[in-house]
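# Residue-level structural notes
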Amino acid sequence: MAAELPTSDIERNKQRKLLLSKTPLDGYLDFSRPMIVVSREAIRQGKAAYPPEVPLRIKMAAGWPAQHLQAFVVDNLDEPLPIQATPEERARFERGEALLVRANIVGMRPERSSGGQLADDIEKQIKDVFAVNVFVIYERLRHLVPLRDGKNLRNWTGQEAAQNFIFDKELLPLPWPEHDHRTTVKSRRRLIDTAWRNGQRQKFLRCLYPGNRMRREIAAWAEGFHGKRKDVIEEEIRFQKTQFVALNMCRERAKEFRIIESKISEITRRETDGDGFLDPKLAAAAVGFNHPIDAGTVFPAVYAGDFDPRVMFCRLASLKGFEFVRQLGRIARRQPATSSPGQIAEQVERNWQRLEAQPEMFSERLHPELMSGREFLLYAYAIFAAQWGDRRMKA
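All of the points below concern the structure found in this document. Per chain, residue numbering runs from 1 following the sequence as it is written. Reporting in this predicted model follows two pLDDT cut-offs: at least 70 for local features of residues, and 80 or more for side-chain atom pairs to be given and counted; totals over whole chains, interfaces and linings ignore these cut-offs and use all residues. Heavy atoms from the whole structure form the basis of all side-chain values; hydrogens and water molecules are not counted.

### Some remarks on the environment of Ala 48
Under the scheme used here, helices are H or I runs from DSSP no shorter than 4 residues and strands are E runs no shorter than 2 residues, and both carry numbers assigned from the N terminus. Note on placement: Ala 48 falls in the loop between α2 (40-44) and α3 (56-62). Residues within four places of Ala 48 in sequence aside, it is in contact with Val 38, Ala 42, Ile 43 and Gly 96. The contact rule is simple, with two residues in contact once any of their heavy atoms fall within 4.5 Å.

Rendered as structure tokens:
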């Protein structure tokens, strides 16, 4: 049995999609698509309409544009399907508000004869791109911070002094992944120091950057900020920091998701006569309730690291926008994109207009030194526009 279980993210995802496509409810629900759940009692009492009115934020969470959303009227959130929902979501459901639901199948993992579970493909990928970005972001900050502060600090005694400056004053005070076991500055610095040293090696760099003279390229890039206003340089610093924090969060989430699925697999093997329902705490951790997340928080990591985060963030599984953000990141790094610049420009224009028309979209900010998802996307759009001579930037 164990030998037949998938051993990679790719195979597990294929199995998930296959199982979800074969599990319709009474022949009319497609579990591979998002569902809108509405309370039957709220409809009876006139608190909710049917078909339900779907707010913009739910459409955005389902993937823009929201097409073929399914409406599902239920008496409660536990029957006929066990729907994981936060207390706040349950209260909204009882008030008659529509909830967005996505089905997800926990991937069974093979039992190992000894030791723990091997790192997932996505976990390895994020570890590598995290290392590259630690090196690249720190090198950029090494140039930007003195420019912002109007000080000639570029002539440090050596690379270690420059690294100390960045470590001590620029990144470590920012939000750290909540469940990461590195609770001290010393242990966090050890992780970042290892990533920084690995990230400048060519075998790591080539996964994101086509060139082989990164320090020289970054120095040339930083020259473009000479003479810029302080607030302009500060925005670029926030843009860089936001990518670091998002990647660090995804690095920890990838590990957490692998551990949770491994625990669920062990329990399933051990309790073959169970009723089929997961332990609520494990289910909540797998879905991500213990780690509240929205697309705007993940976009910076996807932009910087060029990976698909949906496998480890179950509540974002049906979003369609991640590939677009990945392509923006590739173009910013001067890598080939799967769509033409013209196609990307059209999508940038459409999304730019939506963000300007709906200022509440992705507007939550985790920290004053970071960008919200909305701010990050607008900044990324401006970078693309500057690269490709968009008409908006010429105005």
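### Overview of the packing of aromatic side chains
Classification of ring pairs uses Phe, Tyr and Trp, with its six-membered ring standing for Trp, and accepts pairs whose centres are within 6.5 Å; under 30 degrees between planes counts as stacked, over 60 as edge-to-face, and the remaining range as tilted. This model, assessed by the stated rule, comprises 13 aromatic pairs. When the centroid spacing of 5.1 Å and the interplanar angle of 65° are considered together, the rings of Trp 221 and Phe 225 count as edge-to-face. The exposure class of Trp 221 is partly exposed, given its relative accessible area of 25%. Here the aromatic rings of Tyr 303 and Phe 376 are separated by 5.4 Å at their centres, their planes lie at 90°, and the arrangement is edge-to-face. For the exposure calls, accessible area comes from a 1.4 Å probe over protein chains only, and a residue counts as buried if that area is under 20% of its type's maximum, exposed if over 50%, partly exposed in between.

### Some remarks on the packing of helix α14 (residues 341-357) against helix α15 (residues 373-388)
The angle between two axes is taken between their N-to-C directions and runs from 0 to 180 degrees, where each axis is a line fitted to C-alpha atoms and a helix contributes only its stretch in contact. It is at 10 Å that the axes of α14 and α15 come closest, and there the two elements cross at 145°. Read as a crossing pair, α14 and α15 show a hand that is left-handed. Counting all contacts with α14, which are made through Pro 341, Ile 344, Ala 345, Val 348, Asn 351, Trp 352, Leu 355 and Glu 356, the residues of α15 involved are Arg 374, Leu 377, Leu 378, Tyr 381, Ala 382, Phe 384, Ala 385 and Trp 388. We call Asp, Glu, Lys and Arg charged. Ala, Val, Leu, Ile, Met, Phe, Trp, Tyr, Cys and Pro are nonpolar, and the rest, Gly among them, are polar. Taken together, the residues that form the contact of α14 with α15 break down as 13 nonpolar, one polar and two charged. Helix crossings fall into two classes, left-handed where the near helix is turned counterclockwise from the far one by less than a right angle and right-handed where it is turned clockwise.

### Focus on the pattern of salt bridges
For side chains of opposite charge, pairing can occur when their charged atoms come near one another. Salt bridge, as used here, is a side-chain nitrogen of Lys or Arg placed within 4 Å of a carboxyl oxygen of Asp or Glu. Using the criterion set out here, one finds 27 salt bridges in the structure. Between Asp 306 and Arg 326 there is a salt bridge, with the nearest N and O atoms lying 2.9 Å from each other. Taken together, the positions of Asp 306 in the loop between α12 (295-305) and α13 (322-332) and Arg 326 in helix α13 put the pair 20 residues apart, joining distant regions of the chain. In this structure, Asp 306 and Arg 326 share a single accessibility class: buried. One salt bridge connects Asp 308 with Arg 310, and the closest N-O pair in it is separated by 2.8 Å. Judged by relative accessible area, Arg 310 falls into the partly exposed class, the value being 30%. It is possible to trace a salt-bridge network through shared partners that takes in Arg 148, Asp 149, Glu 170, Glu 234, Lys 241 and Glu 369.

### So, α15
Here a helix's expected span is defined as the number of its residues, less one, multiplied by 1.5 Å. With 16 residues, α15 extends 23 Å between its outermost C-alpha atoms, agreeing within 8% with the 22 Å of an ideal straight helix rising 1.5 Å per residue. Listed as buried for α15 are Gly 373, Arg 374, Phe 376, Leu 377, Leu 378, Tyr 379, Ala 380, Tyr 381, Phe 384 and Ala 385.

### Some words on the sheet that holds strand β2 (residues 70-74)
Strands are treated as partners if at least two bridges between them are detected by DSSP. With respect to topology, three strands assemble into an open sheet ordered β2-β1-β3, the strand pairing being mixed. The strands lining the two open edges of the sheet, one partner per strand, are β2 and β3 (99-101). The average undirected angle you get between the axes of adjacent strands in this sheet is 35°. Relative to β3, strand β1 (residues 35-39) is paired through three bridges, and the arrangement is antiparallel. Directly across from Ile 36, in β3, lies its bridge partner Leu 100.

### Thoughts on helix α7 (residues 185-199)
Look at α7: 20 Å from first C-alpha to last across 15 residues, which is about the 21 Å you get at 1.5 Å a residue. Residues Ser 187, Arg 188, Leu 191, Ile 192, Asp 193, Ala 195, Trp 196 and Gly 199 constitute the buried set of α7.

### Structural notes on the packing of α12 against α15
Axis separation between α12 and α15 bottoms out at 8 Å; the angle between their running directions is 35°. On α15, the residues touching Gly 296, Phe 299, Pro 300 and Tyr 303 of α12 are Gly 373, Phe 376, Leu 377, Ala 380 and Ile 383. Broken down by class, the residue content of the contact of α12 with α15 amounts to seven nonpolar, two polar and no charged.

### Comments concerning the environment of Pro 34
Structurally, the position occupied by Pro 34 is in the loop between α1 (9-21) and β1. Residue Pro 34 is classed as buried on the basis of its relative accessible area of 11%. Along the sequence, Pro 34 and Leu 100 sit 66 residues apart, while their C-alpha atoms lie 6.9 Å from each other.

### Remarks on the side chain of Arg 92
With respect to the helices and strands, Arg 92 occurs in helix α4 (residues 87-94). Setting aside anything within four residues of it in sequence, one finds Arg 92 in contact with Arg 57, Glu 97, Ala 98 and Leu 99.

### A few points about the environment of Phe 299
With respect to the helices and strands, the residue Phe 299 is situated in helix α12. Judged by relative accessible area, which is 7%, Phe 299 ranks as buried. Taking the C-alpha atoms as reference points, Phe 299 and Phe 324, separated by 25 residues in sequence, lie 10.0 Å from one another. If we skip the residues at most four places from it in the chain, Phe 299 touches Gly 321, Phe 322, Val 325, Phe 362, Phe 376 and Leu 377.

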